Each structure stands twice: as C-alpha cells, then as structure tokens.
Amino acid sequence: MSEGQGYDLLLKGGRVICPASGIDGVRDVAVKAGRIAAVEESILPSAAAEVINVAGKLVLPGLIDTHGHVYQYVTGRFGLDPDMVGVRSGVTTVVDQGGPSCMTLPGFRKFIVERSQTNVVAFLSAYLVGGLEGHFYPNLYSPDCVDIEATVRSATANRDIVRGIKGHAEIGGFARWGIKVMEMAAEIARRADIPLYVHFGQLWGLPESGANGEDADTILERVIPLLKEGDVLAHPFTRHPGGFVNREGEVHHVIQAALDRGLKVDVGHGSHFSYRLAKQALAAGVVPHTLGADMHGYNTQVPEIPIPAGTPEEHDDDENHPFKGQARFSLTQAMSSMMTLGIPLEQVVNMVTVHPAKMLGMEDTLGSLAVGRTADVSILDDVRGRFVLRDNEDYRVIAERLLEPVFCLRAGKRFDADSPILPQAIAA
Ligand SMILES: [Zn+2]
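Residues numbered from 1 in each chain as written. Predicted model: local features only at pLDDT ≥ 70, side-chain atom pairs only at ≥ 80, totals over all residues. Heavy atoms only, no water.

Draft legend 1. Local environment of the overall build of the protein chain. Scanning the protein chain for helices and strands turns up 11 helices and 15 strands. Projected onto its principal axes, the C-alpha positions of the protein chain cover 75 × 45 × 45 Å. Considering the protein chain as a whole, with its 428 residues, one finds that 60% of them fall into the buried category. Residue pairs at least 24 apart in sequence account for 79% of intrachain contacts in the protein chain once pairs closer than 6 positions are excluded. As displayed, the protein chain offers around 16,400 Å² of accessible surface, 48% of which is attributable to carbon and sulfur atoms. Taking the average place of the 39 positive charges on the side chains of the protein chain and the average place of its 53 negative ones, the gap between the two points comes to 3 Å. (Helix = DSSP H or I, 4+ residues; strand = E, 2+ residues; numbered from the N terminus. Buried < 20%, exposed > 50% of the residue type's maximum accessible area, 1.4 Å probe, protein only. Contact = heavy atoms within 4.5 Å. Areas by Shrake-Rupley, 256 points an atom, 1.4 Å probe, with all protein chains shown as cover. Lys, Arg positive; Asp, Glu negative; His and termini not counted. Charge placed at Lys NZ, Arg CZ, Asp CG, Glu CD.)

Draft legend 2. Geometry of unusual backbone geometry. Despite not being glycine, N212 has its phi angle at roughly 55°, a positive value. Judged by its relative accessible area of 45%, N212 falls in the partly exposed class. Of note, A411 is a non-glycine position whose phi angle comes to about 50°, a positive value. Relative to the helices and strands, A411 resides in the loop between β14 (396-410) and β15 (413-416). Judged by its relative accessible area of 36%, A411 is partly exposed.

Draft legend 3. Inspection of the environment of R159 at higher detail. With respect to the secondary-structure elements, R159 resides in the loop between α3 (148-157) and β9 (162-169). Residue classification places R159 among the partly exposed positions, given a relative accessible area of 27%. Taking C-alpha positions, R159 is 9.6 Å from V121, a pair spaced 38 residues apart along the chain. Sequence-distant contacts of R159, that is, excluding residues within four places in its chain, are made with A192, D193 and I194. Of the polar contacts made by the side chain of R159, one reaches the backbone oxygen of A192; its length is 2.7 Å. (Polar contact = N/O pair within 3.5 Å; in protein donor to acceptor, adjacent residues only side chain to side chain.)

Draft legend 4. Representation of the side chain of D83 in the model. Structurally, the position occupied by D83 is in helix α1 (residues 82-85). One buried charged side chain, D83, makes no salt bridge at all; its nearest oppositely charged neighbour is R88, positioned 7.3 Å away. A polar side-chain atom of D83 sits 3.2 Å from the main-chain amide nitrogen of Q117. Apart from the residues within four sequence positions on either side, D83 is in contact with R88, S89, S116, Q117 and T118. (Salt bridge = Lys/Arg side-chain N within 4 Å of Asp/Glu carboxyl O.)

Draft legend 5. Focus on the coordination of the zinc ion. Note on the zinc ion: its protein donors are H67 (NE2), H69 (NE2) and D294 (OD). The metal-donor distances range over 2.0 to 2.3 Å. Counting residues between consecutive donors of the zinc ion along the chain gives the motif H-x1-H-x224-D. (Donors = N, O, S within 2.8 Å, 3.2 Å for Na, K, Ca; no water.)

Draft legend 6. Layout of the domain arrangement of the protein chain. Along its sequence, the protein chain is organised into domain 1 (7-61 + 373-416) and domain 2 (63-359). On a C-alpha basis, the centroid separation for the pair domain 1 and domain 2 is 27 Å. Taking both partners together, domain 1 and domain 2 bury about 2,600 Å²; carbon and sulfur atoms supply 62% of that area. Taken as a group, N392, E393 and L403 account for 22% of the area that domain 1 buries against domain 2, more than any other trio of residues on that side. The interface formed by domain 1 and domain 2 includes two salt bridges. Where R15 meets E346, a salt bridge forms, and the shortest distance between an N and an O atom there is 2.9 Å. Across the domain 1-domain 2 interface, the total number found is nine residue pairs in polar contact (both at pLDDT 80 or more). Of all the elements in the fold, those that place two or more residues in the side of domain 1 that touches domain 2 are β1 (7-18), β5 (58-61), β13 (377-390), β14 and β15. (Domains from an automatic or database assignment. Buried area = accessible area lost by both parts, 1.4 Å probe.)

Draft legend 7. Structural context of the packing of helix α9 (residues 331-340) against helix α10 (residues 345-352). For the pair α9 and α10, interaxial distance at closest approach is 9 Å and the crossing angle is 140°. Between α9 and α10, the crossing angle belongs to the class labelled oblique. For α9 against α10, the interelement crossing comes out right-handed. Residues L331, M335, M338 and M339 of α9 lie in contact with α10, whose contacting residues are L345, V348, M351 and V352. Counted by class, the contact of α9 with α10 contains eight nonpolar, no polar and no charged residues. (Axes fitted to C-alpha atoms, helices over the stretch in contact; angles between N-to-C directions. Parallel < 35°, antiparallel > 145°, perpendicular 65-115°, else oblique. Left-handed = near helix turned anticlockwise from the far one by under 90°. Nonpolar A, V, L, I, M, F, W, Y, C, P; charged D, E, K, R; others polar.)

Draft legend 8. Looking closely at the pattern of salt bridges. Applying the stated criterion across every chain, the model contains 20 salt bridges. Across the pair D416 and R414 runs a salt bridge, and its minimum N-O distance is 2.9 Å. Of the residues examined, D416 reaches a relative accessible area of 41% and is grouped as partly exposed. Connected through salt bridges with shared partners, the residues R15, D24 and E346 form a single ionic network.

Below you can see the structure in the form of structure tokens.
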C-alpha cells in the first residue's frame, strides 16, 4: 500500500518497541522530511530512497537521557561534549542537570543547544553559579548564592529549553546551612511550575566544624514534604550517605508514601549507583521511573580528546570523593544495568522514552514513534552472552544481555554510534 509514497528512509524489519503507541513487534518504519511517515508491518522497499535492514535490532523512540552534564568548557572538566553523550551514543535528547544557571543560560543556549546535533534541554541550576567544576566548591552553593527571583524569571523566559530545576539535598550542604537551600530550590520550581530534580547522597565533604547535628539519614524525610507531584528524587541507589537505603540497610520508610503522592525516581546512574543497594531497593519495591546516565568528565573516560589549554587541574585527590574513578559509559549500558537487576526490557524502554518525555512535559513531541512525530529513533543491538558490568565501588554483576547503540536518527538525520566514550563489552 505504501508504494509510491516517496519516503526518504525505511528502517526495515526491526523489533519496534514504542510504549506510547502500544507497539511491540516487528515493524517497518518510514521517514520523510525528518518525520515519522509510517509504521507498518510491511512497507515496500521501493517506496523509499534508502532502505536500512535493521532485522534483529531494537528500534525505539529516540532515547532520552534525563541526567547529563554537557555544558562543555564552562563547567570545566565536568562538562562533556553533548554529541558524544547524545547522538554519537545513540541518544537523541540529553537533559543537562544543573550545568547552566540563570547567569549562564544564555551561553548554554548559544554554544550548547544551538550548536549540538543532539536535542539538548536543561534543568536549570537553583544556584547562581550552576555546575561549575562539578559543584567542587561548596561555598558557592550557600543560601546567599541563590536568587529565587532571578532564577524563576530565567526559567519562565526560557521555557523552551528549561524543563525543570536542579538542587542538592545532601549532608555536606545540610551541615553548612541546614535545609534552607532546599526550601529555596523548591520555591523556585513551584513558582516556575516545573519539576524539581533533587540529588540525594553525599556530594560535598563535611565542613571543619563537622556535621553540626545533621544526620544524612534524616534528609529524605525532611525534604520530601517540600516537594510537589512530579518532582524527582535522584540517585536512589547511591552508596553515599543519604540515599534511599539508610545506614541500617533498610529502604527509608518515607519513600513509598512519596511515590504514592506522585513523586518520581530517577536512577542517576554514574557515580551514584551501587548494584548492592539497587538490589535492596528493588526488592523493597522501589522501581525507578526514569534512567539518567549521569556521565560527566570526572566519571567518564574520554579517550583521544585533548583537554583545552587553561582547564583547571582535576580535583580527584580525595580517595572518597564521589567522582573518583573513570570508565567509559553510556545510557544504553545503564539500560543493560537495569535489565541485569531483573527489570524487563519493555519497562526499561519506558524509563528512557515515555516516562522522561512526560517528566520534561514534552510527551507531545518526544518519546514516541507515532506518525507525524519528529523522526527521533534509536537503533540498538540486543547482544546475548555473558558480560561483566561493574559499578564504581567495583561490585561486579553478570549481564546476559547487553544493549549497544548502532545508530540513531535525530530529526531524520542519521548518526552512527561512534562515540569514543562508548564502553566495550567485557566477556565474563
Ligand atoms: Zn549529575
């Protein structure tokens, strides 16, 4: 029936999983003028100018990484090349978590959003300075360094690229200033009417005066009441103090009630992911909604890319620093990681397509292969075997399936998965 349609491109014979359109099965996907033109059981090859055989591969709505750090150069070594994390790793949309601030957002728009092939949006930092050097200097994140008015104004005036607010609820900050900064961040997100994404798990070291009576295990129960429906609790599986699993090894009692009233959970994999704790939290019924890879220059090995002259020295002298240790990584590796924990593929696909699209308030434009949508499509290999995956405390698990990006279409344009930060499979 499709003959003579004059499609630009046909993806033939792959397993299409599009939860938004209720499809899971072998389908052909046709693209025309950068949009999805047809998704059918069989489309004649002669109907398209170019045909790519994707039999045996997964064909998914363009993957969305909810937690990236791509404000390259401005955030020092922290910020990665957006397209290395994005289209060259099979990911069509990357959300920068807290890199740009109300002061630096214009640069983010001009030098990152407009120049990237990847679709880049941001959760605006609640702090004036944003994520400079990966939040290395704690004193830049005090209540004096938050401007509620300016940040609400910036978020509201730039809604096309600002889809949420980023804040941190962790013991280093609480020991210095108590809960004040979190109250301010929650107010910004409430007034801007966008989600607040909250980092849990220790980030900053304690001040010389110590913890000042603060206890990491009480932070969740004090912060959650500040949050509204749709706000996001991040790094549930962190091994650092203040995550979902407390020092007694129990999943915090406030989590289920938080989920019941519409709060969401993002994995924020990267440096804040422990298989040990993930198994405990999953056994207690905590299933994440979205899956950010949380890659940045301190935890991601970037081969063959010279560091620009004048970049500050790397801050990795502290053995216990959460960012210690680098490896190649990808969102698809984080997906494999979820499957290794027993989460079915179909559910993992939700975590990188429909769920994040909804979190961004962009479910009308992202996360679906429905006809008429912008042709953002990720094509993955679903490799079977026995592979070793490890977290950053060097806990190892065996994966029997490994998802690997092959290429993606971003608005119909093809990008091969040739990013130098993609991990190589390690056979068990
Ligand atoms: Zn992060």
